[in-house]
Amino acid sequence: MFHLMQMGEVRPNYVTFVSVLPAISRLGALELGKWVHLYAKRNEIVIDDVLGSVLIDMSAKCGSIEKVVQVFDRISKPNTITWSAIIGGLTMHGRAKDALDYLSKDGLVGGRGRLFFNHMVNVVGFEPRLEHYRCMVDLLGRAGLLKEAEEFILNMPIKPDDVIWKALLGACKMHGNIDMGDRVAGILMNMAHRDSGAYVALSNIYASSRDWESVARVRLKMKELDVRKDPGCSWIELDGVVHEFLVEDDSRPRAKEIHYAAGNC
């Protein structure tokens, strides 16, 4: 649609870029995102906090941490929107320490994400949304502050969603906290009985501690409840076209050639 606008001599504006970049991030098409960003700069589109945060989010989801930092550093007046974007972008790639270091540079938090969050709420007067709570849980979890992350969730003024609990469950796996992982997985299973994510994550936590009996118990429960694991998938951008690949998907015309090439990499 963006290319059609140009071909039809309809000049994209600020709203166009705010709309098209999230779509690019969902596809993981980094090169296309870079091209759109360059087009915006050449056409003197102002990169304010909203467009800047969208660019940061797009770069993070496409795997370019260097671009995340570059965009953030060029924003003249960072605010809660852009800070939320860079916290989420860095922690998405396990860079919690870098996120804390960035926050420290601003002089607001003394190196602690929790202090910055409190500043945002109590001093700035900003009312956090679910995505801000998700960022904080992910940040605390990756830093190994699992108990603090759990208490943070339990004290939220709004009801936590499954994404927040999944962030904590992922941190439990990362740091090998089996007891909390079992408790959090139970909460997720009660929220969505047929969602395979909690079962698979809990099974992986048990497997990492070589508790094969518990692994078998979780898998048996999945079988009894007919919970099926979602097939893994990946995207590859080639010549501006995004190709999606699913596990055990032989529907593509050149599937055999692709499997042969992948097996000989």
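Please read these numbers as outputs of a predicted model, since none were measured by experiment. (Residues numbered from 1 in each chain as written. Predicted model: local features only at pLDDT ≥ 70, side-chain atom pairs only at ≥ 80, totals over all residues. Heavy atoms only, no water.)

Draft legend 1. Seen up close, the nonpolar core. One finds Leu 21, Leu 168 and Leu 169 to be the most contacted residues of the largest nonpolar core, which totals 65 residues. Setting aside residues no more than four positions away along its own chain, Leu 169 makes contact with Gly 181, Val 184, Ala 185, Leu 188, Ala 198, Ala 201 and Ile 205. (Core = buried A, V, L, I, M, F, W, Y, C linked by side-chain atoms within 4.5 Å. Buried < 20%, exposed > 50% of the residue type's maximum accessible area, 1.4 Å probe, protein only. Contact = heavy atoms within 4.5 Å.)

Draft legend 2. Up close: the pattern of salt bridges. Counted by the stated rule, this structure contains seven salt bridges. As a salt-bridge pair, Arg 134 and Asp 161 come within 2.3 Å of each other at their nearest N and O atoms. Taken together, the residues span a long stretch of sequence, with Arg 134 in helix α9 (residues 130–142) and Asp 161 in the loop between α10 (146–154) and α11 (162–175) at a distance of 27 residues. Under the relative-accessibility criterion, Arg 134 is labelled partly exposed at 27%. Each of the salt bridges in this network shares a partner with another, and the network as a whole consists of Lys 147, Glu 150 and Arg 183. (Salt bridge = Lys/Arg side-chain N within 4 Å of Asp/Glu carboxyl O. Helix = DSSP H or I, 4+ residues; strand = E, 2+ residues; numbered from the N terminus.)

Draft legend 3. Representation of the layout of surface pockets in the model. Taken as a whole, the largest pocket encloses approximately 590 Å³ of empty space. Together, 23 residues line the largest pocket, and Asp 57, Lys 61, Gly 88, Glu 131 and Cys 135 are the ones closest to its centre. Split by residue class, the lining of the largest pocket holds eight nonpolar, seven polar and eight charged. (1 Å grid on protein atoms, 1.4 Å probe; cavity = no way out; pocket = protein on both sides within 12 Å on 5 of 7 lines; lining within 4 Å. Points joined across faces, edges and corners; volume = space filled by probe spheres on them. Nonpolar A, V, L, I, M, F, W, Y, C, P; charged D, E, K, R; others polar.)

Draft legend 4. Broad picture of helix α12 (residues 178–191). A rise of 1.5 Å per residue sets the reference length of α12, with its 14 residues, at 20 Å; its end C-alpha atoms lie 20 Å apart and thus fit the reference within 8%. Among the residues making up α12, those that are buried are Met 180, Gly 181, Val 184, Ala 185, Leu 188 and Met 189. Tucked inside the fold, the buried residues of α12 contact α10, α11, α13 (196–208) and α14 (212–224). (Expected span 1.5 Å × (residues − 1).)

Draft legend 5. Layout of the environment of Glu 150. Relative to the assigned elements, Glu 150 resides in helix α10. According to the relative accessible area criterion, Glu 150 is buried, its value standing at 7%. Put simply, Glu 150 and Val 184 are 34 residues apart on the chain and 9.1 Å apart in space, counted from C-alpha to C-alpha. With near-sequence residues (within four places) excluded, Glu 150 lies in contact with Leu 168, Met 180 and Arg 183. There is a polar contact of 2.9 Å between the side chain of Glu 150 and the side chain of Arg 183. (Polar contact = N/O pair within 3.5 Å; in protein donor to acceptor, adjacent residues only side chain to side chain.)

Limitation: the analysis is restricted to geometry and does not speak to function.
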